[in-house]
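Each chain, written out:
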Amino acid sequence: MSFLEDRSLIHKFIIMLLKTIAYKFASSDTEWTAIRFQQGSGVFKESVAPTRSGDLYKTEITAFLSRITINKETRLRELTNAGALFQIINMEGTRHFVGSDELKAMVEYTKIDGDKVGSRSGYMLKISYTSPIPSVLPSFAEAGDDNNIVIPD
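This structure is a prediction, so every number in the text was calculated from the model and none was measured.

**Q** Could you give an account of the overall build of the protein chain, naming the residues involved and the relevant values?
**A** Secondary structure assignment for the protein chain yields one helix and ten strands. Ordering the α and β elements of the protein chain from the N terminus gives β-β-β-β-α-β-β-β-β-β-β. Residues counted as buried form 31% of the 153 residues belonging to the protein chain. Put simply, 59% of the contacts in the protein chain that link residues at least 6 apart link residues at least 24 apart. Of the roughly 10500 Å² that the protein chain leaves accessible, carbon and sulfur atoms contribute 53%.

Okay, structure coming up:
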């Protein structure tokens, strides 16, 4: 079997357009807070890569939030500082959840301020999450009494 025939070694990608992005800071919060974004700009990308200890999932959500306001800037700073759990809904209505209380999704944003009348202004939002490795594999070597590497027989 060639390298290309072994599908377990190839990264898998999922890409979909989003209808809704919502967040909360802890799973115990009762309600999700929706983030209003420009229609058609919300994209969910996920890749799955096999590793020795299990599959590693990398998720990235991007969206454009139109108009620059103080309220949006404050909310984006709060999300950036604290991280959050996210619920996304794709165009077919399927719900997906990103993040957990132990490992929250990371938020970044870029302010886009067009210098000409009628040009695009707002925020480009990026939400990232990488799943933890499922388990830690034991090392092939152990530390000895003097912190020397000892190869077991």
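So much for the structure itself; the text now carries on.
**Q** Describe in detail the pairing of strand β8 (residues 121–130), supporting the description with residues and values.
**A** Where strand β4 (residues 54–66) meets β8, nine bridges bridge the pair, whose relative direction is antiparallel. Following the sheet pairing, T62 is matched in β8 by K126. Here strand β7 (residues 106–113) runs beside β8; their pairing, made up of eight bridges, is antiparallel. Bridged to E108 within β8 is K126.

**Q** Summarise the pairing of strand β5 (residues 85–90); cite the residues concerned and give the values.
**A** With six of its six residues buried, β5 lies for the most part within the structure. The alternating pattern of β5 places L85, Q87 and I89 on one face and F86, I88 and N90 on the opposite face, and all of these are buried. Of the strand pairs in this sheet, β5 and strand β6 (residues 95–98) are connected by four bridges, and their pairing is antiparallel. Of the residues in β6, the one forming a bridge with I89 is R95. Hairpin connection, β5 to β6: the antiparallel pair is bridged by four residues, and G93 has positive phi, about 95°.

**Q** Please provide a residue-by-residue account of unusual backbone geometry, values included.
**A** One non-glycine residue, R67, lies in the positive phi region at around 70°. On the secondary structure map, R67 appears in the loop between β4 and α1 (70–82). The class of R67 is exposed, set by a relative accessible area of 58%.

**Q** So, α1: which residues are in play, and what are the values?
**A** Over its 13 residues, α1 extends 18 Å from the first C-alpha to the last, a length consistent with the 18 Å expected when each residue adds 1.5 Å. After α1 finishes, the residue G83 shows a positive phi value of roughly 70°.

**Q** Which residues make up the pattern of salt bridges, and what are the values?
**A** A side chain of one charge can pair with a side chain of the opposite charge when the charged atoms of the two come close. Taken as a whole, this structure holds three salt bridges when the rule is applied. Taking the shortest distance from any N to any O, the salt bridge between K126 and E60 comes out at 3.7 Å. Separated by 66 residues along the polypeptide, K126 in strand β8 and E60 in strand β4 bring together distant segments of the chain. For K111, the salt bridge identified is with E73, shortest N-O distance 3.8 Å. Taken together, the positions of K111 in strand β7 and E73 in helix α1 put the pair 38 residues apart, joining distant regions of the chain. Residue classification places K111 among the partly exposed residues on the basis of a relative accessible area of 48%. A cluster of three or more residues bridged by salt bridges with shared partners is formed by E73, R77 and K111.

Rules and cut-offs
- Residues numbered from 1 in each chain as written.
- Predicted model: local features only at pLDDT ≥ 70, side-chain atom pairs only at ≥ 80, totals over all residues.
- Heavy atoms only, no water.
- Helix = DSSP H or I, 4+ residues; strand = E, 2+ residues; numbered from the N terminus.
- Buried < 20%, exposed > 50% of the residue type's maximum accessible area, 1.4 Å probe, protein only.
- Contact = heavy atoms within 4.5 Å.
- Areas by Shrake-Rupley, 256 points an atom, 1.4 Å probe, with all protein chains shown as cover.
- Pairing = 2+ DSSP bridges.
- Expected span 1.5 Å × (residues − 1).
- Salt bridge = Lys/Arg side-chain N within 4 Å of Asp/Glu carboxyl O.

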